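An overview of the molecular structure
Chain by chain, the residues:
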Amino acid sequence: MEIISIAVPPFPIFIEGNLTKYEKGTWHPNRNDLAYFDIIFVKEGRLFLIEEGREFTINKNEMLVLQPLKHHYPFKPTEEDTEFYWLHFYTNSYYTEASEPTNLTSSIPIPSLHYHNHSYTIHLQKKGALVDHKEIYQKMDQLLLATTNENKDLSFWDIQLSFFSLINLLESQGIAKDNSYMTAEKVVQFLRENYHLPITNDTLMEHFNIHENTISKYMKKFYKVTALEYLNSYRLEQARILLLKTDDSIQTIAEKCGYTYGQYFSSVFKKKYGISPLNYRKKHLEGESRERFL
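A brief look at the structure comes next. Numbering of residues starts from 1 in every chain and runs along the sequence as written. Whole-chain, interface and lining totals are the exception, using all residues; otherwise, since this is a predicted model, local features are given only for residues with pLDDT of at least 70 and side-chain atom pairs are given and counted only at 80 or more. The basis for the side-chain values is all heavy atoms of the structure; hydrogens and waters are excluded.

**Regarding the pairing of strand β1 (residues 3-8)**
Sheet faces and side chains relate simply in a regular strand, where the side chains alternate between the two faces. Basically, it comes down to this: We call a residue buried when its accessible area falls under 20% of the maximum for its residue type, exposed when it is over 50%, and partly exposed in between, using a 1.4 Å probe and counting protein chains only. Helix and strand definitions follow DSSP, with helices as H or I runs of at least four residues and strands as E runs of at least two, each counted in order from the N terminus. Criterion used throughout: strands pair if DSSP finds at least two bridges between them.
Burial analysis of β1 places 6 of its 6 residues in the buried class, which makes it a mostly covered element. Of the two faces of β1, both are covered, the one formed by Ile 3, Ser 5 and Ala 7 as well as the one formed by Ile 4, Ile 6 and Val 8. Relative to strand β9 (residues 95-98), β1 is paired through 4 bridges, and the arrangement is antiparallel. Along β9, the bridge assignment pairs Ile 6 with Tyr 95. Sheet topology note: the β1/strand β10 (residues 120-125) ladder contains 6 bridges and is antiparallel. Within β10, the position partnered with Ala 7 by the bridge is Thr 121.

Following this line, the structure appears as structure tokens:
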């Protein structure tokens, strides 16, 4: 199962969509110049499409994601009456298609002061069954209803929020069934929620009842680092926030981020960022003061 991974921010934008019905013997359009993603959900019947030489048969209650600017066309007409939803969305962010989810880093720099924003990667299965097809069709109907002339008063953001809700549901269709991906996600969530506590490989093994080598394998597969490497990076990220947002002492910040000794924390911080925590605070706060003065 291939996965299309899209870096966020920026967020993808919904362009248009519809519910289309083909009678038996209808050929799907031949397209090679679409500048946006095209997602197809077959509600009844089957579609037969080729994208850049690869054949796809999309059966009832299955989806297919077609990439921008890639040539797609039918390799045969419909064999029965066919009904399908389609939607187009645009992004100028980096994306890739691979045999497994790929965690991408947004090209948009996020200032350290904006600590509530984090880079994210949307993962959509290239082709697969719609596990929650009834809910997906319901969300598509809501999205299409929001774009009709009868709903002109709905804002751009109302429509985009409806689209984001659909994308969020689509993410869970294929990847959530991959046990290794689910485990890696649960480990990351656990680390983020408990980074201020003492955590070792034994802690993770006991909590998840999985051997540390397996946890390490899953983390490296999807995050390119071990669990403890991820934990250390996340702790330092939180420490940077506290250095800029609070007047806490270095020792207090160290303890809040899971480091028992302030001296060790300072050493790890300097190794990561090339500057001590104290000088990091001084440098950024002085720069912020100059900006306010100007």
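**Digging into the nonpolar core**
Spelled out, the test is: Nonpolar cores are built from buried Ala, Val, Leu, Ile, Met, Phe, Trp, Tyr and Cys residues. Side-chain atoms within 4.5 Å join them into one set. Note on contacts: a residue pair qualifies if any of its non-hydrogen atoms lie within 4.5 Å across the two residues.
Counting 34 residues, the largest nonpolar core has Leu 191, Leu 204, Met 219 and Phe 265 as its most contacted members. Those elements that provide at least two residues to this core are α3 (179-194), α4 (201-208), α5 (212-223), α6 (227-245), α7 (250-256) and α8 (262-273). Ignoring anything within four residues of it in the chain, the contact list for Leu 204 reads Phe 190, Leu 191, Ile 199, Asn 209, Ile 215 and Ala 227. One finds Met 63, Ile 122, Leu 130 and Met 140 within the second-largest nonpolar core, a separate group that totals 27 residues.

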